[in-house]
Every structure is written in structure tokens, then in C-alpha cells.
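One-letter residues, chain by chain:
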Amino acid sequence: MTGGPASTGESARGQTSAVPAIRMEGIDKSFGAIRANRGTSVEVMPGEIHALVGENGAGKSTLMRILGGLMKPDAGHVEVNGRDVTGWSTNEAIAAGIGIVHQHFMLVPTLTVAENLVLGCEPKTRGIVLDYKRAAEDVRKLSTETGLVIAPDRLISDLSVGEAQRVEILKVLFRGARILVLDEPTAVLSPPEVRELWTVLRRLRDKGDTIVLITHRLDEVVEISNTITVMRAGQTVARVKTSETTPAEIARLMVGREVSLSAGKRVQPSGRPAGPQPDQGLEARNLIVVGSRGIRVIDDVSFSVKPGEILGIAGVEGNGQTELIEALAGLRPVFAGDILIDGVDMTRRSVAQRHDAGLSHIPEDRQRRGLILEYTVANNLILGVQKYFSRRGIIDRTRVMENAIQEISSFDIRPPNPVLAARALSGGNQQKIIVAREMGREFSVLLASQPTRGVDVGAIEFIHQQLLDARAQGKAILLVSAELNEVLALSDRVAVMYRGKFAVMMPAAEASEEVLGEYMIGTKKGNAA
Amino acid sequence: MTEGVQPTFTAAPWRERAQEALIPPLVALLVALICGDLLILSYGQSPAAVYRLLLEGTWGNAYGFGQVLYKATTLAFTGLAVSFGLRAGLFNIGGESQLAAGGFGAALMGLALPVGTPLILALLVCMIAAGLAGGVVGAVPAYLKTRFGAHEVIVTIMLNFIVLALLNWFIAGHLHVPETLHTPEIHAGVLPRLADIDPRFHGSAANLALIVAVLVAFAVWFYLFRARGGYELRAVGLQPQAAEYGGISVGRVWMRALTFSGVIAGIGGINYVLGYKHYYEDGFASGAGFLGIAVALVGRNHPLGVLVAAFFFATLSQGGLAIHAFVPKQMMDVLQGVVILAVAMAVPEVRRILRGARGRSDA
Amino acid sequence: MRKLILVTFLLLAVHIALLFTRRNAKAEGKETSPVRVGIVLDVGGRGDKSFNDGAYAGADSATKMLGSNIRFIEPGEGADREAGLRLLAAEGMNLVIGVGFIFTDDLANLAKEYPNTAFAGIDYALATDANGNVIPPPPNVAALKFREEEGSYLVGALAALVSHSKKVGFVGGMDIPLIHKFEAGYRAGIKKVCPDCEVIVQYAGVTPDAFKNPGKGKELALSQYNQGVEVIFHAAGSTGQGVFEAARATNKLAIGVDSDQNDDAPGHVLTSMVKGVNTATFDAISRVQNHTFKGGIYSFGLKEGGVGYIYDSRNRGLIPDGVRARVEELKQEIIAGRIKVPSTR
């Protein structure tokens, strides 16, 4: 906990605490039958880092879209620096210094950093010709001022995720933003990148900028913010000073009940089969996967996951985790090596055949892979098992509905409406659909990729419990997560992927964030068993 | 969000869903009508009088109505064909040649069958021939797409030229009745006309292919929304990556979707060949294949919508003939264009594509 | 959504307002003339510089000279041809004309349904029975046919007389009997005045596209001109535009077809073999007006002024007086029946 609330208010602009930078009061916003905001209120003082926390679907993003002029509230007031700006446009919001950094980057990959930054407000010479030199100069200047170091002439497509995010932040600053809203900025970053981001945000705050951080990672909230607004089900439930609260307290406010924050760590499950068959579970032998540019994205990886075991794979994103899971699931061709499920060679088998052999898969990209967003919850709950829900080619709708009702209640999917399109559900509930589908059926091996990404605390706890229960029932689970603590909390053994190889594999009991972190960024290299 | 956990079955309220489905096309229609008003006024005519004439010439009498039904039948087939492909995310521009091939297949079969073949059997065989011919034309781009990744739009467009030229060559060079560009009349498999059932339809080309169109529409609906194949087909169309993840073979679905799209368009050939002229005539399909794209778009890729849209476009076409004396027929072409544009702007799917993928909602 | 509903009502209001402006304008035609004629043009409509325009011109002069009341329909697709004819017949037109052989079946069928209406088909296709005898059209249908070979004969003679190379060219569109008539007459005309002349004959293709392929036309024409041909006669629709283009490029001559095509390559169009669609149309209308209309086959040749060649101020410079006299002489002999022009090759 650095950067306490003490620095609040002593801003460079000398705007003392009297006038809040943002004041939103009594905001109502509905989408059809769904009420995203119900009388929500938020107050952010200038020069503070304000954390807006809440479960997925609590209405945080909607609130910030209203602030940014992307949406108009049904009721309520929005004030920025004391001025009533309710229902303004995006252009007005930008002009007034609001800058929103979205969760999903909105950069043109084929343009350079500088070109992306000046897009829409290009400095021009002689009327129409873009002045690249001046643009690059401006970008460099801003870059050194803020500590967001990035070469202006690099192509966006060549940047890492963390770098791309820096560009996003630079972009809003470039347009003169003094109030920054960051929507889940750390979801895609590695621990070192997160630390860098914090440094930048603190520097901006000390410069007098106001920062709103949307997140549901409580450790981050506690580490970086000065004040916290907690939202639940579209309503503001609390506004607290960070120094006066605890993570457990925030979690309780978010979910509305007590939450255990450390998933039942390595408690020896009682139901664990005594002597698993040696060839049961998942096994990969000398696996090589070649990526689109002919590079080995998985380079000779061998491992096995036994029944009743969770093998956790950590690593900075883009080191082959995605490709490994896709290869195991049958979604990506294998160049060499073997994949065995319960001792049967599945290397050349289709997705459906692996499925039938007992492989379940929680994919990392739930919105593109895991769900068909236009389909109803009920129909999404049979994706991949549709053939078991049909007779002579016709879908048995009664059984689909029965299945949906059962899964909705046992996995607490909200709203509990089987005929709602999956698109209408919050991220956490979308993830629950996938978990319900993949874990609610017979399976022996589970590939769980980023199972809790972008999911709220309550759902994280629930999903973790599901994984542990499955382990207790003798399932073999391969867990890939960008969250080191998640990997450490759940796994029996931990491996770190670095550049397509396992840099290390060790029992989780012997691992720690520090040790794994070094393998993750490649400063320490080892050989996996 | 609701706090209770009791499962509820209501989707969005009915009224809202109906509004969402109907208002955009309605706006599009009104925009088109207003454009029509202005065009008619520019010719110094009274819009009310011209529209009245248009309605009288189409829905106002059995003959006109029959003509509308006849035109709607072909458009329903090509519209269904296009929408079936679109549901799988594939754009079949080959309706033109598939329809022609279907008609040709039906005519060949009708010529080959001996006189006195039982009607039902002859009809069935001719229809199968039509579907097969269309399906073969549809299968080519399907195969090239799944095997080599060739874009179906390019392939179907090019195939239009090839197939139409081939048919042309067959007809002009080999099968035509002298001094014409059509085959001899078929011996068997003639579909009864509506006029045979109700004499008031006398003279109109409407025939029982209409029933076939409705049946095909129902079959398409059932397949898309009730069968496992349809579940998989729509999944591929909506999110191919998710479909792949769900163990669905995307290539196989593409193959199926384009081939059957061709089959549907091909069966459309019976309307002209078995129902109307009883011979294959070069160029009979001209325009209907392309108009099918508009029909699918306006009908929002739903079989029922396609039927309605086909009826609507048929009315415009026949109505254009009825008001021909007072405004040029090009006015109807302009109106058609306006309707397509307006609907394209109003339909949410299209709007979404136009907007591009925006960030996902957290709300 | 609420906004959209508002927009809907707004648009509805605008529409209704527009609907009833100009209430007094009547959507009705003039209903005074004694003879009412309906003409269904071929797909392609007016502006084709050929059939449809010819029919229009004939109808136009009928309106001016006879006061006929004429309505045109341009069909949009195949099924509209019958619908158009039917519409006109049902309105009680005295004469309904279909422009193009493609109307043959529809005319034959409708003629039976409307025995009191006169029908006429330009280039009406006559079927033959098993013994090769021509089956006559229904009694109220006039089949308006042209003896294109006669006109072709004259332009063939003309071409042979003005060229010095003893090589004359022909570019046909689609390789079908209809075009063979042009070729046969042309060839016969050439041989008549120049028995040792060589006739180079080429067709653009075997599909209807051969009538609309100027690129191919130019290619064929250029190769003929390069072989020493000085005059080419085209019977190839818009493919002929390529022939004109080649004539212009090589400074040679070409002969147009169907209508006076001088404008397409001024100075390079020796003449045009014109087909009197206008004459035939006018003739049919005037017969109805005079109550002398009868069904049957009407053949238009040189005698009836149904075919001919252009000789006017614009191409007079290209045709020496002696040549003109010789061609006119041949024309009289054909009219008199002393020369029989073949219609097949």
C-alpha cells in the first residue's frame, strides 16, 4: 500500500476538494428489461485515484459510458468540475477532458504509434498534408512527460499487450484528458507490466489528473486507489477511503455476503482416488506446434496430468499457453508429438471425438470461442453436446430446457432466464454458462484456460470451488491462468511457460510468486522435468 | 439484475420484440413510399391515383394477384436460397445460375420422361432433377471454399457466367426449337395452374409451385430452428470459432449450406418450367437470382420474412407493369433500390456490421 | 425505440400528405382516338438503335399521320412479356404488337383467347410441321417477317463494286439461320457483280452474347482488313460497333445493319442495310385503321420497302454514280422477280 490518500487534493491545478471532478447522482439506465443502473451515485475528487469496484454486471461500465457521452442516462445528473453535463456527447466529453481507456484496445494495427495517437486530431501542414514529424515530436514529448515510454514510429501490430495499453493511455492524454477512466486495465498485463502501470498512474495523479479505475481485483484496489466506490446490482452500496477498509470488507460489500478470498488452498481432497491408473488423465509427449509465421509456438513440450490433479500453467500471455490449449483441444493442428486422453492417442482426432473421449474445455476467449452470443442461454448450454440433445437430427427442446433450468440453478446463472440471449448476460454469468456446460457433464480431463478472467469475486470463488470439487472427484485438470495467485492456490504442480517451453515445473508447495515471476519474465531459466 | 433465482421464461417482452422486428422495415417501407410519391409528382401525376392503380393491378383482381403470386414464387425460392447461405455466414450470389440450372434440369427430365408417366411421380422426379442441378452448381463453390479457401462470392459470381453460357450453348446449339431459344415442350410433370382450380385466375401464370415454395420455406425454418443441423449451421454463421470449439466441422457445414442453397434455388426453376411455359427458355431466370439477395435481406433471413419480402417485391414488379402508362417502369426499379437501401440501413444486423465490432458491454 | 416509433408516424404523415397533393391530375390516358394500339417492346427497351427503336418510330409516325393512340410496355423479365400483352389485350386494344421473335408463343396463345383483337409479331417465328410445311399463325395474328437477304444482296453488290481488292468481308453475330439469311444474300450479291471475288465470312460466336461483343467484332474485322478486305458488312448487333472501330482505325469501310448506322463511324460507313421494322409496324397499324387487317404471313422485302439500303447526302461521296445505278438496277430486277435471292447458304 503505497500512495495513500494523503496526496489527494494537493493537485497542481489547485482545485481544492470543494468541487468534485466527477459527480454523478441518481443515475438510472435500462436496457430493455435489464436495469444496469438504479439511482447510482459516484463522486470523484480531483487529483485522486478512485476505484470503482463491483461484480460483473454491477453497472460500472454503463456508468462510465454515460460519463463519456456514449450513452444518455434515463434519469439523474452528471456534473464534471461543477458543470452540469447530463446527456452530453462524446465530443463534448473529450473536449471537457474526459478520457476513457477501454478494456478492448481501439487501435489501428497497421498504423504506427504516432499515427494512432493523432488519428482524429491530426496536426496538419498546409491544410491537408499530415505533419508526421510534428506528430512524432508531440508523441515523444508526451511520452517522456508521463513515463509512458514508447517509440512513436513502431507499428501497433508489433507491440505487446502492455505496450498497446500504454498507447491507449497516451492517446487519451494526447487529446488533453485530465480525467482518465481505465476499464479493467490490468486484465491483460503481466505482474511487471502492472507495476509499471501503477507508476504511471501515480505520476499522473501527482501531476493533478483524476483517475477512475474500474476493476474487480481487490489487491489492486487496495494497492493503488485513494477512495473506493462499491457497486452492486446497479446501485452504489458504499463509498470508502481505501486507508479505512480491508479487502475482505470490500469483497463483502461487492457480493453482499462473506467471501473466502483464498480458495481452499491445497487441502488434500478426501475423495481423491488412492491409486490412479498410470495412463489415465491427460498426457502430452514431445508436442510441437507451429504458428502462423512458421515459428514453433510450442516447442517440444511433454507433461502429464493425472486424475485428481491440477497442473497449473503460469506465464506472461503470448508464450504459447493459448496454442497449447488449442492443440490439446483439437482446435489447432499439431506438427509433431502425441496427445493422449486416458491412454488413447487423440493427436489426430477431431474436437468432437476428443469431446466424446471425456475432454472438457473452458476456453480463454469466452465471447468468441466459448459462447454463441446470439444464442439463448439454453442453447449455449448444449454447445458441443448438441448431438446428445437431439433425436434423429431433431433437437429435443424439452430436454434442452430441462437441462438449462437445472444448470441455471445449480450454477447460479443470472438472470435465471433460459431464453435470454447470452449476449445480454454479464461477463461473469457468461463464464458460468461455460463452466456449467463443461463441468456439468461427464468428463475425465478438463482444460481450464483463464477460467476467472474478468469475472467478479463471487463468481471466482464459485469457479474455484468447482475446480477443486472436480479434482476431488478424480478429474485431471490443466489450468492456465495469468493470475499467479490463482495458479498457486489451486494447483498441485505448477509449470511456467516461457517462449513455447516449460521454463520450470515444480510442486506448488515449493513455488511462490517471486520464484515463478522470475521464470515468467525469463530472468531465470530452468528445465522442466 | 434480478435478485431472485427462480427461472423465468420470458424473453424480452412480446411487444418489444415485435416492435424491434417490425418497425425498421416499416420505416424503410415508408421512406420508399415517400420517394415514390415524389417521383410520381415529378411526372405530374397524382400519387394517390397511381398507387390506387398499382393496387388495383396487383391485389385488386385475381389475375393481377395471380401474377404477383407467380413472381413471388420464384423470388421466394431464390430468397430462401440466399438466406440459407447467409445463416451459415456465406453469401451465395449464384442464385441466378442455380435457378437457371434447376429449370434446365427440370426441363431435361420432363423431356426424358415418357408421355403418360403418372403426374405425381413425374413432378417429383422433375423437382428432384431441378434440385440436383441447382445443387451441383451450388456444390462447386462449396467445395472450392472448404478445400482451397476460395471466396464463395467470387466463385459464385464467376460460376454465373460459366453456367449461363453453358446452358446458352446447350439451348442455342442443340436443344432449341428452330427460330426460338427454348426447348420443346415437356411431356410429363406439368404443374397445375391456379386457374385450373379457380377460373378467376385465368391467364395468370401462378401455379402450384407456390405450394412447393411455402413447403420449402417451412422445411428451411424447421431445419434452421429445430434440427441439430440448423443449430450447427447457425452457430457457424454467427461465430465460426465457437462452432469449431463446439466440435462442429465448419467445412462440412459450409459444404452443406452452399449446396442446399443451390438446391433451393434450383427447385425454383420449376415455377417457370413446370408451372408456366413447360419448356426451358434461355434467360428465363434473368434478375430473379440477384433480386433474391434483396428478398433475403429485407426478409431478414427468416423464412417467413422471406416469403413476405418476396410477395412485396413481386407486387412492386407487377405493379410497375400496371402503372406503366403513367410513370416509366424505371420508377419501380428506383423504388426497389430505395427499399433495399432503407432496409439495409434499418436492419440491426446490417447496422451492426456497418458499425463494426464495438467493445463488449459490461452492463 | 420510442424515437423510432415517432419517426414512423412522422413519415406516415408525410406520406399521406404527399399522397393527396395534386389531386386533380388524372392518372388516365387520352381516350379519344379511333384506333388503340399496344406495343410490348423486347427486353432492352427503347434506345437500342434497332428493333425497339424501329417499332417506336413506326408507331410514332402512325400517331402523327393516322392519329392512332399507342401505348408501350417495356417488360422487366420474361414473365412480363405475356403479362404485358395480356394487359393490353384485356384493355380492349384494337391491335397488340410484340416486338421480337421471343413473343411468338405468347402471341399465339393470347390470340386464341382474344379472337377479336388483332395481333402482330415482328420476326414472328414460324414453326414447320413434320413434312416441312410452314404452319400458319392463328387467323388474327400477323407474322411480320423480313426478307433480309434481299437487302443484303444489294449491299453485297455495292461492297464488291466499290472495292478494288476482290476481297469482301462479313462479320456475323451468333451463328444461327437468321443471320445465315444475311450472309447468303450478301454472298449472292457479291458473286453477281464480281464472280471471282473472295468473301471472307466470320461469326463472333454461338451464343446470344455474340451479338454484344464489340471486342470480338473488332478483332475479326481487323484480321479481315489486314487480309486486304476493304468493305465489311456486319450483322452482329452491338458487336458491329467493334467492326466500325476497326474500320476507323484502318481507314477502311463497313456496312451497318438494321438501321442507319452512319453516326457510329461517320465517313467509314459505306451504307446500312436497313430493316423496316418501322414500315412493318406502320403498315400493321394502318391496316387495322382501314379495317383491312388480316392474319397471316406478311413478308417485307425490297418491294414492300421493308428492307433497303441507305443512300443519302451523308454517304453519297462514298458511292460513285455508276455503282449506284448498277445497284438500283439490281433492286428493280429483284422487285420484278427476275432475280431470286437465296435465303440459306
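Residues numbered from 1 in each chain as written. Chains lettered and ligands numbered in written order. Predicted model: local features only at pLDDT ≥ 70, side-chain atom pairs only at ≥ 80, totals over all residues. Heavy atoms only, no water.

## Remarks on the packing of helix H3 (residues 62–87) of chain B against helix H3 (residues 78–90) of chain C
Helices that pack against each other are described as a pair by the angle of their axes relative to one another and the distance between those axes.
Okay, step 1: The contact between H3 of chain B and H3 of chain C brings their axes to 12 Å, and the two run at 175 degrees. Considering their axes alone, H3 of chain B and H3 of chain C lie roughly antiparallel with respect to each other. In this structure, H3 of chain B uses Tyr63, Gln67, Tyr70 and Lys71 of chain B to contact H3 of chain C, whose residues at the interface are Ala79, Asp80, Ala83 and Arg86 of chain C.
Okay, step 2: Residues of the contact of H3 of chain B with H3 of chain C, tallied by class, amount to four nonpolar, one polar and three charged. (Axes fitted to C-alpha atoms, helices over the stretch in contact; angles between N-to-C directions. Helix = DSSP H or I, 4+ residues; strand = E, 2+ residues; numbered from the N terminus. Parallel < 35°, antiparallel > 145°, perpendicular 65-115°, else oblique. Contact = heavy atoms within 4.5 Å. Nonpolar A, V, L, I, M, F, W, Y, C, P; charged D, E, K, R; others polar.)

## Description of the interface of chain B and chain C
Okay, step 1: Chain B puts 48 residues into the contact, and the matching count from chain C is 46 residues.
Okay, step 2: For the pair chain B and chain C, the summed buried surface comes to about 4000 Å²; carbon and sulfur atoms form 63% of the total.
Okay, step 3: Counting the contacts that link chain B with chain C gives three salt bridges.
Okay, step 4: For the salt bridge of Lys277 of chain B with Asp106 of chain C, the shortest nitrogen-to-oxygen distance reads 2.0 Å.
Okay, step 5: At the surface where chain B touches chain C, the tally comes to 10 residue pairs in polar contact (both at pLDDT 80 or more).
Okay, step 6: Ranked by the residues each element gives to the side of chain B that touches chain C, the list is headed by helix H1 (residues 14–42) of chain B, at 12 residues.
Okay, step 7: Residue composition of the side of chain B that touches chain C, by class: 26 nonpolar, 14 polar and eight charged. (Buried area = accessible area lost by both parts, 1.4 Å probe. Salt bridge = Lys/Arg side-chain N within 4 Å of Asp/Glu carboxyl O. Polar contact = N/O pair within 3.5 Å; in protein donor to acceptor, adjacent residues only side chain to side chain.)

## Focus on the nonpolar core
Okay, step 1: Counting 160 residues, the largest nonpolar core has Leu282, Phe303, Leu328 and Leu478 of chain A together with Ile270 of chain B as the members making the most contacts within it.
Okay, step 2: Looking at this core element by element, the count peaks at 13 residues for helix H11 (residues 250–277) of chain B.
Okay, step 3: The contacts of Leu282 of chain A, once residues within four sequence positions are left out, are Phe303, Ser304, Val305, Leu328, Ile339, Leu340, Ile341, Val445, Leu447, Ala476 and Leu478 of chain A. (Core = buried A, V, L, I, M, F, W, Y, C linked by side-chain atoms within 4.5 Å. Buried < 20%, exposed > 50% of the residue type's maximum accessible area, 1.4 Å probe, protein only.)

## Structural notes on the pattern of salt bridges
Okay, step 1: Going through the model one piece at a time under the given rule, you end up with 49 salt bridges over all chains.
Okay, step 2: Across the salt bridge formed by Asp260 of chain C and Arg314 of chain C, the nearest N and O atoms sit 3.1 Å from each other. Residue Asp260 of chain C is found in the loop between strand S9 (253–258) and strand S10 (269–275), and its partner Arg314 of chain C is found in the loop between strand S12 (307–309) and helix H10 (321–336); the two are separated by 54 residues along the sequence.
Okay, step 3: Look at Arg314 of chain C and you get partly exposed, because its relative accessible area is 42%.
Okay, step 4: The network of salt bridges with common partners includes Glu326, Arg332 and Arg369 of chain A together with Glu244 of chain B.

## Brief notes about the pairing of strand S7 (residues 198–205) of chain C
Residue and element names in this part refer to chain C.
Okay, step 1: Strand direction decides the pairing type here: strand S6 (residues 167–174) and S7, joined by seven bridges, are parallel. Note on S7: the bridge partner recorded for Val171 is Gln202.
Okay, step 2: Following the chain from S6 across helix H6 (residues 177–193) to the adjacent parallel S7, one finds a crossover that is right-handed. (Pairing = 2+ DSSP bridges. Right-handed = clockwise from strand over helix to strand, strands pointing away.)

## Some thoughts on the arrangement of the chains
Okay, step 1: Where two pairs of chains are in contact, the pair with the most contacts is made of chains A and B.
Okay, step 2: No interface is formed between chain A and chain C, the nearest pair of C-alpha atoms being 10 Å apart.

## Overview of the sheet that holds strand S5 (residues 141–146) of chain C
Residues and elements named next belong to chain C.
Okay, step 1: Read across the sheet, six strands follow the order S2-S1-S3-S4-S5-S11 without closing on themselves; strand pairing throughout is parallel. This sheet does not close on itself; its edge strands, each paired only once, are strand S2 (69–73) and strand S11 (296–300). Each strand of the sheet is rotated relative to its neighbour by a mean of 20 degrees, with strand direction disregarded.
Okay, step 2: By the bridge criterion, four bridges tie strand S4 (residues 118–122) to S5 in an arrangement that is parallel. Bridge pairing in S5 places Ile122 opposite Leu144.

Coordinates in, geometry out; function isn't part of it.
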